[in-house]
Amino acid sequence: MIALPRPRQGGFAAACGSRSVLVVSLAWQMNAASGSAKATAALAVGLAGAGHRAVIVTAAPPMLGPRLEGVVVEQIDLPVSLPCLPETLREAIDVGAGGLQRQLWSLIARHNADTVLFTGALWGLGRLRMDLPDGVCRVLAVGRLPDDRDATALRWADIVLAPTAAVLNAAHQRGWDTSTWRVVPHALLHEPPEPRPASVLSRLQWGDLRVLSAVGDTSNGVVALLRAARHHRDTVGSYVVRVAAAAHYLQWGPAGVALAETCRRQVELAEHMSWCGELPWHAVPAWLSGAAVVIAPSTPGSLGMVAVEAMSVGVPVIGYRSEHLSCLIGPAQHAQALLAEPHHGPRALLNLARALLGSPRAYCETAQAVYEQSRRFTKARVTQQFLAAVPPRGTLPHDDRTQTHVHAH
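Calculation rules
- Residues numbered from 1 in each chain as written.
- Predicted model: local features only at pLDDT ≥ 70, side-chain atom pairs only at ≥ 80, totals over all residues.
- Heavy atoms only, no water.
- Helix = DSSP H or I, 4+ residues; strand = E, 2+ residues; numbered from the N terminus.
- Buried < 20%, exposed > 50% of the residue type's maximum accessible area, 1.4 Å probe, protein only.
- Areas by Shrake-Rupley, 256 points an atom, 1.4 Å probe, with all protein chains shown as cover.
- Phe/Tyr/Trp six-rings, centres within 6.5 Å; stacked < 30°, edge-to-face > 60°.
- Lys NZ or Arg CZ within 6 Å of the ring centre and 35° of its normal.
- Contact = heavy atoms within 4.5 Å.
- Pairing = 2+ DSSP bridges.
- Axes fitted to C-alpha atoms, helices over the stretch in contact; angles between N-to-C directions.
- Parallel < 35°, antiparallel > 145°, perpendicular 65-115°, else oblique.
- Left-handed = near helix turned anticlockwise from the far one by under 90°.
- Nonpolar A, V, L, I, M, F, W, Y, C, P; charged D, E, K, R; others polar.
- Arc of directions from axis to C-beta.
- Salt bridge = Lys/Arg side-chain N within 4 Å of Asp/Glu carboxyl O.
- Right-handed = clockwise from strand over helix to strand, strands pointing away.

Visitor: Just checking my understanding: could you explain the overall build of the protein for this structure?
Guide: Looking only at helices and strands, the protein has 16 helices and 13 strands in total. Here the protein, with 409 residues, has 57% of them falling under the buried criterion. Accessible surface, the protein: about 17200 Å² in total, of which carbon and sulfur atoms supply 54%.

Visitor: How should I be thinking about the packing of aromatic side chains in this particular structure?
Guide: Remark: the centre distance and the inter-plane angle together describe each pair of aromatic rings, the angle taken between the planes. Per the counting criterion, the structure on display carries 2 aromatic pairs. One cation-aromatic arrangement involves Arg138 over Phe118; the distance from NZ or CZ to the ring centre is 4.6 Å. Geometry around Trp287 places Arg210 over its ring, the cationic atom sitting 5.1 Å from the centre.

Visitor: Looking at this structure, how should I read the side chain of Arg210?
Guide: Along the chain, Arg210 falls in strand E8 (residues 209-213). Classification of Arg210 by relative accessible area gives buried; the value is 12%. In contact with Arg210, not counting residues within four places along its chain, are Arg242, Trp287, Gly290, Ala291, Val293, Val294 and Ile295.

Visitor: Quick question: what am I supposed to make of the sheet that holds strand E11 (residues 293-296) here?
Guide: Adjacent strands of a sheet pair through backbone hydrogen bonds, lying either parallel or antiparallel. Pairing within the open sheet is parallel, and its 6 strands lie in the order E10-E9-E8-E11-E12-E13. Because the sheet does not close on itself, it has two edges, and the strands there are strand E10 (273-279) and strand E13 (339-340). For E8 and E11, the ladder comprises 2 bridges, and the chain directions are parallel. For Arg210, the partnering residue across the bridge sits in E11 and is Val294. Docked against the sheet, helix H12 (residues 305-312) engages E8, E11 and strand E12 (317-320), running at close to 160° with respect to E12.

Visitor: What is the right way to read the environment of Ala121 from this model?
Guide: Tracing the chain through its elements places Ala121 in the loop between strand E4 (115-118) and strand E5 (137-141). Look at Ala121 and you get buried, because its relative accessible area is 9%. When the C-alpha positions of Ala121 and Asp150 are compared, they lie 5.8 Å apart, and in sequence the two are 29 residues distant. When neighbours within four sequence positions are excluded, Ala121 is seen to be in contact with Gly126, Arg127, Leu140, Pro146, Asp150 and Ala153.

Visitor: What is the right way to read the packing of H12 against helix H15 (residues 360-374) from this model?
Guide: Two numbers describe a pair of packed helices, the interaxial angle and the distance between the axes. Between H12 and H15, the least distance of the axes is 7 Å, while the angle of their chain directions is 115°. Comparing their axes, H15 and H12 come out roughly perpendicular. Note on packing geometry: the crossing formed by H12 with H15 is left-handed. Contacts between H12 and H15 involve Val308, Met311 and Ser312 on the former and, on the latter, Val370, Tyr371, Gln373 and Ser374. Broken down by class, the residue content of the contact of H12 with H15 amounts to 4 nonpolar, 3 polar and no charged.

Visitor: How do you make sense of the packing of helix H2 (residues 35-49) against helix H16 (residues 379-389) when you look at a structure like this?
Guide: It is the contact of H2 with H16, at a shortest axis distance of 9 Å, that shows an interaxial angle of 85°. What the angle tells us is that H2 and H16 run roughly perpendicular. Across from Ala42, Leu43, Val45, Gly46 and Leu47 in H2, the residues of H16 making contact are Lys379, Thr383, Phe386 and Leu387. Along the lines of polarity and charge, the residues of the contact of H2 with H16 split into 6 nonpolar, 2 polar and 1 charged.

Visitor: Got a minute to help me understand H16 in this structure?
Guide: For an α-helix, the turn length of 3.6 residues means that residues three or four places apart are oriented alike. Along H16, the residues classified as buried are Lys379, Val382, Thr383, Phe386 and Ala389. Looking straight down H16, one finds its buried side chains confined to an arc of 130°; they lie on one side. Residues of H16 that are exposed and point more than 90 degrees away from the buried face comprise Ala380, Gln384 and Ala388. Contacts made by the buried residues of H16 are with strand E1 (20-24), H2, E4, strand E6 (159-162) and strand E7 (181-183).

Visitor: Which parts of the structure should I look at to understand the pattern of salt bridges?
Guide: Pairing between side chains becomes possible if they bear opposite charge and their charged atoms approach one another. Throughout the structure, instances matching the rule amount to 15 salt bridges. Linking Arg149 and Glu87 is a salt bridge whose minimum nitrogen-to-oxygen distance equals 3.7 Å. Here Arg149 is found in the loop between E5 and helix H5 (153-156), whereas its partner Glu87 is found in helix H3 (residues 86-95), with 62 residues between them in sequence.

Visitor: I tried to follow the pairing of E1 on my own but got confused; where do I start?
Guide: Sheet faces and side chains relate simply in a regular strand, where the side chains alternate between the two faces. When you tally the buried positions in E1, you get 5 out of 5 residues, the bulk of the element. Along E1, one buried face is formed by Ser20, Leu22 and Val24 and the opposite face, lined by Val21 and Val23, is buried too. Handedness of the E1-H2-strand E2 (residues 53-58) crossover: right-handed. Here E1 runs beside E4; their pairing, made up of 4 bridges, is parallel. Bridge pairing in E4 places Leu22 opposite Val116.

Function cannot be read off these values alone, since they describe shape.
What follows is the structure in structure tokens.
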């Protein structure tokens, strides 16, 4: 039996009605290449801005540069170095379970936390089987259904959060009970002002096609898109295709470096394509705002954060009809289609972009529609949804940690 310190009950935060949330994301770093890291940062900033205590718990080494306003970042030790293979991390979590539990209990006590949000079954440490102090809510966020080897994370959670209804639909198809699941979308870290009509028309005339690749995602379709744009110049017409990479792809190891170099080589082979290098988080909105259209070529599994960021600056987004993008972009489709069927391939994305750019009226209407759609993902709104979905201390409907409402097979 491990003797663990008990968190303080009450205190200033409890007296003021504010919350204290630990957000566990093992690979989290500022300017990380993954959309999930940026979404984690946005939620933490939203909580802090609303007067709550937000603590990001990571095992990745700290990065030099700006900090998140009002957010505390805590480091924990893993018995393995990052980046690493999923199998290596699973073994490290199982072997080091006792030490990880002690570290989390210590942080819960230090910050008087009432909620621990595990941002994934594996990389968010959700698969760790451990007891939490009485009254502390255990929340699991899942961007997709977890691997079968990590699905036990669903059993330990009091609340399961999904960024879109697509995840709940997938769980329903497996026959899982989702009575404790909630949809809480990922928030925008940066919220640019509404674009002026004159700037929208200017983009249509002088803008280009832009692709922002989160190169850590080796399953995305950016390489296929770049090849199609290179070989089918007639499809993109006079538009320049500009490509950038999310910053710090080196943290993803050889696979991330190889993908970035492949993208760069494709771009360098075509005169009508341009490589713009790496973009830190704060530079992404301004870069996207210079596009006439942003193409999000990621195949199923992508969280769609680039699409949401493009919509927030009023730039139409073209993508595949995949799980999350259908929920994020779909409501902004009116007279003009924005989503292509994945089996039609990357040339279908280029054809949709050309059709949209060929109709100024449809373009302006779509630009306004995507901006209005993006207002659903502001930090203030998402923070309210998170707090509504996750009960405060002492209001859980049960006291034990043996869950029976989710059956993961």
